[in-house]
Amino acid sequence: MAVAPFLQAARGERAAVTPVWFMRQAGRYMPEYRAIRAHHTLLEICARPELAAEVTLQPVAALGVDAAILFADILLPLLPLGLDLQFAPGEGPVIFNRLRTAAQVAALRPVNVESDLGHVLEAVRICRRLLDGRVPLIGFAGAPFTVASYAVEGGASRHFVETKKLMFGAPEVWHDLMTRLARVLADYLSAQVRAGAQAVQLFDSWAGALAADDYRRYVLPYSKLVLDALEPLGVPRIHFGVGTGPLLEAMRDAGGDVIGLDWQTPLDEGWRRVGYERGIQGNLDPVALFAPLPELERRVDDVLRRAAGRPGHIFNLGHGILPHTPVESVRAVVDLVHEKTSAGAIAPGLRPGSALEGSSRGSGSAGFSQAPGLRPGSAGVGGPA
Ligand code: CP3
C-alpha cells in the first residue's frame, strides 16, 4: 500500500502532496458531531469506543483530511488518577478536587493504562479497523504541564497563579506531580501506539504561559520523558503548544520529530529556529476560517509560501478549530492545500509575476512541492507514494 502523505511528511520525507489535518477537526462546528452530542455528554462519547470511533471518522468523510485524530480529551487520564472531572456546559472542564498540597499529590492513584483507559485503546483499534488504511490515525495526550495546570487550577486559567505558586513555591511537590503525570502519559501514549495509533501528538497547549527559563527548569524534563519513551516505538511524534514564540528552541530540545507552531510565529521563521532536520506543523490562524474565501486563500498561500515546498511540512491551524467555524471554509482549505501542492501543480500564488511569487526554491515554474530536499537522508526519498 502507498505510504500516506501525512506519514511521509511527519518523517521528513517528500510527499506527493502537502498533508493537511486540523486540531479539533471533530467537534461542535460539525452538524454530524452535534447530532451525537445531542444525546451524549463529551465524557460518554469518550467512554464508548464505538461512539468515539464514529466521531473520529466524521471529519475524514466530511473534509477529506489526510489524517484522523482519535476522539478523546487530554484530561481523561486525570480520572483514574482520582480526580473528579466534569465538562460543565459553557464552562469547559471543571475538577472538583483540584490538587494543591503534597499530601494530595502523594495520594494520586497508580494508573494501569491498559485497564483504566482501556476504552480509549479500544477506540483506537476500532478506528484503525474502520479507517481500513484510508488515512493514518493520530493518537494524542496532553503534555505534563498542560494537564497539571488543569489539575492544580481546577479548570481553565488565565494567569496560572496556583500552578506557578506550586512550581515556584513548592518545587519538590511540583516535581513529584510532574514525574507522576509524565509516567502515566508516557504509558498512555505508548499503549495508544501499541493499539494502532500511527503517530502521536503531545499537546502542551498552555506552555506559552511560561518564561523560557521556567519552561526549561520545570517542564522540559517531563515532556522529554514522555517523548523519549515513545522513541523506540518508531512512530512520528508531534510536539505542539500555543504562544510558544519564545519557547521554540526549548520545545525542540524537549523532543518531537515535528514541532507544531501557533499562528503568531511566521512559519518560515519558526522552522528556521527549530531547524530543518525537524518537520513543522501549522500554522493558519483558526480565525482565518471565518474570513471571506479570497482572504482565506491568500492566508493559505502565505503559509505554503513560507513552507517553501520543503519536505516535512504538515498543514494545520495554529490551534484548534473554533465552534461556529463554517464547515465549507474548512473543506476549502483542504482542497486548496491539495491543489496547490500536488506534484506538478502550479500554485496560483506562485506564478511568476504574482504578488506572492519570489521564494519558491524549486526550478521556477514548479509548484510548492518541488523544492529540493534540505535534510540529511531525504534525498531520493521523494516521488509519489
Ligand atoms: O478532533 C480532535 O481534535 C480530537 C478531540 C480532542 C478533544 N479535545 C475533544 C473535545 C482533542 C485533541 C482535545 C484536546 C484538548 N482538550 C486540549 C488540547 C488542544 C487545545 O485545544 O489546546 C485541551 C486544552 C483540552 C481540554 C478541554 N476539553 C477544554 C478546554 C474543553 C472545553 C473547550 C470548549 O470549547 O468548550 C474541552 C472539551 C472538548 N474536548 C470538546 C471537544 C470536541 C468541546 C466540545 C464538547 O463539549 O462537545
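Before reading on, note that the structure itself is shown above.
Residues numbered from 1 in each chain as written. Predicted model: local features only at pLDDT ≥ 70, side-chain atom pairs only at ≥ 80, totals over all residues. Heavy atoms only, no water.

### Section: the side chain of T56
Position of T56 among the secondary structure elements: in helix 4 (residues 49-63). Within polar-contact distance, the side chain of T56 engages the backbone oxygen of A52 at 2.7 Å. Once residues lying within four places of it in the same chain are set aside, the contact partners of T56 are A68, I69, L70, F71, C127 and L137. (Helix = DSSP H or I, 4+ residues; strand = E, 2+ residues; numbered from the N terminus. Polar contact = N/O pair within 3.5 Å; in protein donor to acceptor, adjacent residues only side chain to side chain. Contact = heavy atoms within 4.5 Å.)

### With respect to the site of the ligand
As a matter of local geometry, the ligand sits amid 23 residues, with R28, Y33, R37, S205 and H319 nearest to it. Contact between the ligand and Q25: an oxygen atom at 3.2 Å from a main-chain N or O atom of the residue. Where the shell around the ligand is concerned, the elements lending two or more residues are helix 2 (31-37) and strand 3 (92-95). Taken together, the residues that form the shell around the ligand break down as 15 nonpolar, 4 polar and 4 charged. (Near = heavy atom within 4 Å. Nonpolar A, V, L, I, M, F, W, Y, C, P; charged D, E, K, R; others polar.)

### Quick look at the packing of aromatic side chains
Under the counting rule described, the total for this entry stands at 7 aromatic pairs. When the ring of F168 is compared with that of Y218, the centres are 6.0 Å apart and the planes differ by 55°; the resulting orientation is tilted. Note that F168 is positioned in helix 10 (residues 161-169) and Y218 in helix 12 (residues 212-230), a separation of 50 residues in sequence. Aromatic ring contacts, followed pair by pair, group F140, F203 and F240 into a single cluster. Lying over the aromatic face of W271, R310 brings its terminal NZ or CZ to 5.8 Å of the ring centre. Lying across the ring of Y276, R310 places its NZ or CZ 3.9 Å from the centre. (Phe/Tyr/Trp six-rings, centres within 6.5 Å; stacked < 30°, edge-to-face > 60°. Lys NZ or Arg CZ within 6 Å of the ring centre and 35° of its normal.)

### Description of the nonpolar core
Of all hydrophobic cores here, the largest spans 128 residues; its most connected members are F22 and Y215. For this core, the element with the highest residue contribution is helix 11 (residues 171-195), accounting for 13 residues. (Core = buried A, V, L, I, M, F, W, Y, C linked by side-chain atoms within 4.5 Å. Buried < 20%, exposed > 50% of the residue type's maximum accessible area, 1.4 Å probe, protein only.)

### Notes on the sheet that holds strand 4 (residues 137-142)
Two orientations exist for strands paired in a sheet by backbone hydrogen bonds: parallel and antiparallel. Pairing within the open sheet is parallel, and its 7 strands lie in the order 1-4-5-6-7-8-9. The outermost strands of the open sheet, each flanked by one partner alone, are strand 1 (68-69) and strand 9 (313-317). In the sheet, strand 7 (residues 258-260) pairs with strand 8 (residues 279-284) via 3 bridges, with the strands oriented parallel. Bridge assignment links G260 to a residue of strand 8, and that residue is Q281. (Pairing = 2+ DSSP bridges.)

### Re the pattern of salt bridges
One pass over the full model with this rule turns up 20 salt bridges. Here K165 makes a salt bridge to E162, at a shortest N to O gap of 3.2 Å. Here E162 and K165 lie together in helix 10, a separation of 3 residues that amounts to about one turn. Judged by its relative accessible area of 21%, E162 falls in the partly exposed class. One network of salt bridges, with partners in common, ties together D268, D302, R305 and R306. (Salt bridge = Lys/Arg side-chain N within 4 Å of Asp/Glu carboxyl O.)

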